[in-house]
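Observations on chain architecture
The residues making up each chain are set out below.
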Amino acid sequence: GDYLVTIEEKSKATFLRAYMNWRCMSAGSSRVCVRMVGHKMEESYGETLKEQMSIVEMPLSDPPLCISCCPVNGDLLVGCKNKLVMFCLKYLVINQNLTVLDFERSLILHIDNLIPAEVALCAGHIAITTELDVLILKLELVQQSADGTEQCAHRVSTLEKPVDGGPSAHTLQLELDEFIICQKPVELLGEESKLCEIPVTLESTELPTEDTKHFQVQYLLFRRFTPDQSPFGFCEETKLHSVQLLPVYQTAHEETGNKRELLSLFCFFSLPHVGYLYSVGKLVELISTYQYSEKSEQAVLTPQFLHVITSENLQCFTVRCSAAAARDEDPYIDTTAKACPPVALDVCTLRMQLFIGPRAICHFKNHIILLTKANTEDITERRKPTRRMLSRKADSIKSRTNSESEPGWNLYIINTVSTIQLYREMVDYSRTYENVKTESCIHLLSEAHLLVRAAIMDPSFLKSDEKEELLRAFRESCAALGDCYSRFDTKDYHLALPYYRMSGLSMTEVLKRLVSEGDEIQTYERGFIFYLTHSLNEDLNEELSKESANKVLQIFYLADPVQLPNILCSPCMRNVCPLTAVKYLQKVENIMPSVVLTLTKAFMALKMGDLTMYEHEMDSYKETILACGFIGQPKLLRQHKKGIVTPTEFAVHLKEMQPGLLVAATVALHENSKIELEEADTFFKMLSSNSENAIPQLLVDFWEALLVVCSQEEILQELLLRVTSQYVWRISNKQLPETKPLKTTEDLINSCNHFGLIFPWVTSIMSVGSPSDQDYHEDISKLQSLLCSQSINISSVLPVLEPLTEAGNVGLTIHVLCSTRLGKYEEAIDQLLKSCPDAAVLYAQHELKDDSRAVWWNKLLPELCKRTRLAGNDCPVLISSLKAETLSVVATELELRDFLSLLPEDGTAAFFLPHLLHCSQKKQLT
């Protein structure tokens, strides 16, 4: 709101007044309207109100002592003895063309035994100071029941009661005027601040409506100080001053426009020689302490600076608001991607300007308004120490003079230096410390960075004429800090990486900043090596030139030779000279030989086209050791380009010459969490140059090899489903693999538990199969072997097996195997008797055991008799199946009576008699 609030004194009476539309006076209009707060204005006054200033009288039951306006929503807080009164700013719509401002008294905070010296209000937060106490509260919205207000007020007001029996403040004042009672200094933060002995009761004064807001009090901070002591007694001037709540808003973006969203909140207050800055937003904590060179009179806090006036100076200090707010806005700011100078960074004094008698100070945009008074009294006399004791009586008899009649008052409006100009000055000044004091240089650059960051976080940033210049300065400051952490030997060397990233500089540009021209040997600090290592490891899309890549190679050979394989495998180093690389690798291998070094040398030999050298290096170790060597450097086989896995030249060569080693190495990578299953799929597909949906044989080889070692059930079932799908697809589409499989069915059965021995009855069925099945014998036998094991989840693969429904004997074996695994033995026997009765008895001998043995006489025997009766002598297979095994098993297992009941009434006696005799003899023997 555009208004002015004053506390005025006339005829020993104190008034609180708000001046609305006050700009009319400066425009030459002398018309003034006086009205009471909340007074309803008629529409007929509309045109008059436009052209005149309004004075709004705001009556109070107690004289106002101090006031504060909320910078976020314009509400007003008035401090009176034992209470605070809050007025909400209202916008009254008189007509379409006129809206006027008014206030509504909404809330009273009753605080016993408290006389506020200063108050501050911001976004529901309230800061109160007395001479030596500071209390910060927050008004929280609550869901209110019918009697909730009374309950809340009672609960808050009885949090802490004074200890019974202690002397009252009134008694102390009457009896101990010549003594000073100093309580212990206290600092209570967060929940602990409830323990202060300052009860607060809320009283709502709004007319109750559906939209009425109900609040409760949350204590955020309480701090109590003691007077300064000296050998001569107590200093009576030890009083708190300049309490202030400072909001910081979310960084403005084009999409949010002018919308301001509160991000952080800070509270400042000061003693004569020390100032304190607290964060009171998400976390209550002390951020900075300011030591003044002389006694301060008043201070004002801005997002960029703290301005302090003393008896003769205007001093300026840096602040840490933007550092704290940046961390509130982005909790992950302190990572390898982003950084910000620490909140705990020591503050700096920027400027000190001489003024005669500064009395008051305030801040508006880029202006400092300073009120001074030239004092004619003897300066030396004024500075003499006094032995006056601090007492209430002494304060109460101070003489009052009419300030209007005193000469020497001056008002100064001081333009602050622009952010860009001050940033340039600080950067230039930091260069004087580059070769002398490392930490001082970093400190100054950090101050410059925070200065620019604070300007960017300002809500007016988007409309600023300096917008592009500020963004450029931000990137420059990041680059300068990156240079410092790269060049200097500092414990925070790792910050070189995030600052260079925020600067937007490419790796080539950073190398030009830090590496000298020519072949002279430099020493490189940890920060630079840290930056290079991470940048090269992160698969950036930047390719270094041959000269830059060779320089990087030399840097790592001198600074960290163990990293050479890792560095050479980076996509950024594609243009490195392979011959130079081999020379460096050979020197390192002579000292510290390893498989990874040998593989890297082989990789470089491939780049040179030297196959003799390549074979020599690859023959240095057994294939199993080479496969494990790729775990130490996966980038020898695959790299990332724009987030996509891409095979290297090494992988392409292995695919042609040593596919088994390639598959074994990829399995080792997967089992050591160096490559995900989906990544491996993409890798092999790209390696084989197949279409996106086609599955190359090398990928199937990988799946089969992974099944041998995989122990994770979830991945295991996924792999089983994939290989099953591929086998079925090839069989049903009569598609041969494009390359010879690395493992046969027998190899898999011998090496992998998930491939079982193929059952005899399956072999029997396949022996009379179609000759065309022999072309896909490996895929058929692998699929049957999988189904003959107990690993695969049959229910999950049934839809996959659907295409083989009509696939002759192959389909029959698959369906019978599935029915068996699902416990559907009778259905399996029906399928066999219908399509391949020769295998029925073999199936029964293999599968019908233990709990399923009853299927012999409940299903197989009756079914054979039934089908023999229908077929007669035309189907000798059925007769032989009955005679050879079925009747023998049933006769052995059943009692004579039960066996007789199963025999067909029209059966030939001579055919069944031997089995009846066998059953009868078995009973006699028993």
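Residues numbered from 1 in each chain as written. Predicted model: local features only at pLDDT ≥ 70, side-chain atom pairs only at ≥ 80, totals over all residues. Heavy atoms only, no water.

**Some words on the overall build of the protein chain**
- Scanning the protein chain for helices and strands turns up 35 helices and 29 strands.
- The proportion of buried residues among the 926 residues of the protein chain is 47%.
- Long-range contacts, defined here as pairs at least 24 residues apart, represent 64% of the contacts in the protein chain between residues at least 6 apart.
- Here the protein chain displays about 47400 Å² of accessible surface, and carbon together with sulfur accounts for 51% of that area. (Helix = DSSP H or I, 4+ residues; strand = E, 2+ residues; numbered from the N terminus. Buried < 20%, exposed > 50% of the residue type's maximum accessible area, 1.4 Å probe, protein only. Contact = heavy atoms within 4.5 Å. Areas by Shrake-Rupley, 256 points an atom, 1.4 Å probe, with all protein chains shown as cover.)

**Focus on the packing of helix α11 (residues 496-503) against helix α13 (residues 526-537)**
- Two elements in contact, α11 and α13, have axes whose closest approach is 8 Å; the angle formed by their N-to-C orientations is 60°. α11 and α13 meet at a crossing whose hand is right-handed. The residues of α13 that touch α11, namely those facing A496, L497 and Y500, are G527, F530, Y531, H534 and S535.
- Here the contact of α11 with α13 is built from residues that sort into five nonpolar, three polar and no charged. (Axes fitted to C-alpha atoms, helices over the stretch in contact; angles between N-to-C directions. Left-handed = near helix turned anticlockwise from the far one by under 90°. Nonpolar A, V, L, I, M, F, W, Y, C, P; charged D, E, K, R; others polar.)

**So, the nonpolar core**
- Residues F528, F650 and F702 are the most contacted members of the largest nonpolar core, which totals 113 residues.
- Ignoring any residue separated from it by four or fewer positions in sequence, one finds F650 in contact with L599, A602, F603, L606, Y614, M618, F630 and L636.
- Counting 30 residues, the second largest nonpolar core, distinct from the first, contains V427, C441, L470 and L481. (Core = buried A, V, L, I, M, F, W, Y, C linked by side-chain atoms within 4.5 Å.)

**Digging into the environment of E656**
- As for its position among the elements, E656 is in helix α20 (residues 649-657).
- Classification of E656 as exposed rests on a relative accessible area of 53%.
- A polar atom in the side chain of E656 sits 3.4 Å from the side chain of K655. (Polar contact = N/O pair within 3.5 Å; in protein donor to acceptor, adjacent residues only side chain to side chain.)

**Considerations on the sheet that holds strand β7 (residues 83-95)**
- Pairing is antiparallel across the open sheet formed by five strands, whose spatial order is β5-β6-β7-β8-β13. Edge positions in the sheet fall to β5 (66-69) and β13 (200-204), since each has one partner strand and no second. Strand after strand, the sheet turns through a mean of 25° between neighbouring axes, direction not considered.
- Direction of pairing for strand β6 (residues 76-80) relative to β7: antiparallel, over a ladder of five bridges. Considered in β7, the bridge of L76 is made with F87. (Pairing = 2+ DSSP bridges.)

**What about the pattern of salt bridges?**
- In this structure the tally under the stated criterion is 27 salt bridges.
- Salt-bridge contacts for R35 lead to D102; the nearest nitrogen and oxygen are separated by 3.4 Å. Of this pair, R35 sits in strand β3 (residues 32-36) while D102 sits in strand β8 (residues 98-111), and the two are 67 residues apart along the sequence.
- Taking relative accessible area as the criterion, D102 reaches 4% and is therefore assigned buried.
- A salt bridge links R327 to D334; the shortest N-O distance between them is 3.0 Å. (Salt bridge = Lys/Arg side-chain N within 4 Å of Asp/Glu carboxyl O.)

**Topic: the environment of T130**
- Within the element layout of this structure, T130 appears in the loop between β10 (125-129) and β11 (133-141).
- Accessibility expressed as a relative area gives 14% for T130, which makes it buried.
- Taking C-alpha positions, T130 is 7.1 Å from L240, a pair spaced 110 residues apart along the chain.
- Not counting residues up to four positions away in its chain, the partners in contact with T130 are L114, I115, A117 and L240.

**Concerning the packing of aromatic side chains**
- Enumeration according to the criterion identifies 21 aromatic pairs in this entry.
- Ring plane angle 90° and centroid distance 5.1 Å describe the contact between Y3 and F103, whose orientation is recorded as edge-to-face. Taken as a pair, Y3 in strand β1 (residues 3-10) and F103 in strand β8 lie far apart in primary sequence, 100 residues in all. Each of the two residues, Y3 as well as F103, counts as buried.
- Relative to F650, the ring of F630 lies with its centre 5.6 Å away and its plane at 65°, an arrangement referred to as edge-to-face. Of this pair, F630 sits in helix α19 (residues 623-632) while F650 sits in helix α20, and the two are 20 residues apart along the sequence. Both residues of the pair, F630 and F650, belong to the buried class.
- Among the aromatic side chains, those forming a connected cluster through ring pairs are F225, F269, Y276 and Y278. (Phe/Tyr/Trp six-rings, centres within 6.5 Å; stacked < 30°, edge-to-face > 60°.)

**Quick word on the pairing of strand β19 (residues 274-280)**
- β19 sits mainly inside the fold: seven of its seven residues count as buried.
- Alternating positions in β19 separate into two faces, V274, Y276, Y278 and V280 on one and G275, L277 and S279 on the other, with burial throughout.
- Judged from the five bridges that link them, strand β18 (residues 262-270) and β19 form a sheet pairing that is antiparallel. Of the residues in β19, the one forming a bridge with F268 is L277.
- Connecting β18 to the antiparallel partner β19 that follows it, the hairpin turn spans three residues.
- Here seven bridges tie β19 to strand β20 (residues 284-291), and the two strands are oriented antiparallel to one another. Bridging from a neighbouring strand, V274 pairs with Q291 of β20.
- Between β19 and the antiparallel strand that follows it, β20, lie three residues.

**Quick notes on the sheet that holds strand β14 (residues 215-224)**
- Spatially, the five strands line up as an open sheet ordered β9-β10-β11-β14-β12, and their pairing is antiparallel. Pairing within the sheet leaves two strands with one partner each, and these edge strands are β9 (118-122) and β12 (186-189). In this sheet, adjacent strand axes meet at a mean angle of 20° when their direction is disregarded.
- Here β12 runs beside β14; their pairing, made up of four bridges, is antiparallel. Bridged to L189 within β14 is L221.

**Details of helix α21 (residues 659-671)**
- Over its 13 residues, α21 extends 18 Å from the first C-alpha to the last, a length consistent with the 18 Å expected when each residue adds 1.5 Å.
- Listed in full, the buried residues belonging to α21 are L661, L662, V663, A665, T666, V667, A668, L669 and H670.
- Elements that come into contact with the buried residues of α21 comprise α18 (611-618), α19, α20, α22 (677-688), α23 (697-709) and α24 (713-733).
- At the C-terminal side of α21, S673 shows a positive phi close to 60°. (Expected span 1.5 Å × (residues − 1).)

**Some thoughts on a nonpolar patch on the surface**
- There is a patch of nonpolar side chains on the surface, built from M25, V32 and V34 and spanning about 250 Å² of accessible area.
- Here V34 is to be found in strand β3. (Patch = residues over 30% accessible without salt bridge, like charges linked within 9 Å, V, L, I, M, F, W, Y side chains within 5 Å.)

**Quick look at the side chain of S264**
- One can find S264 in strand β18.
- Here S264 falls in the buried class, since its relative accessible area comes to 2%.
- In terms of polar contacts, S264 uses its side chain to reach the side chain of D328, at 2.7 Å.
- The residues contacting S264, other than those within four sequence positions of it, are L246, P247, V248, A325 and D328.

**Here's the deal with the environment of L277**
- Structurally, L277 is set in strand β19.
- Residue classification places L277 among the buried positions, given a relative accessible area of 0%.
- Between the C-alpha atoms of L277 and T289, which are 12 residues apart in sequence, the distance is 6.4 Å.

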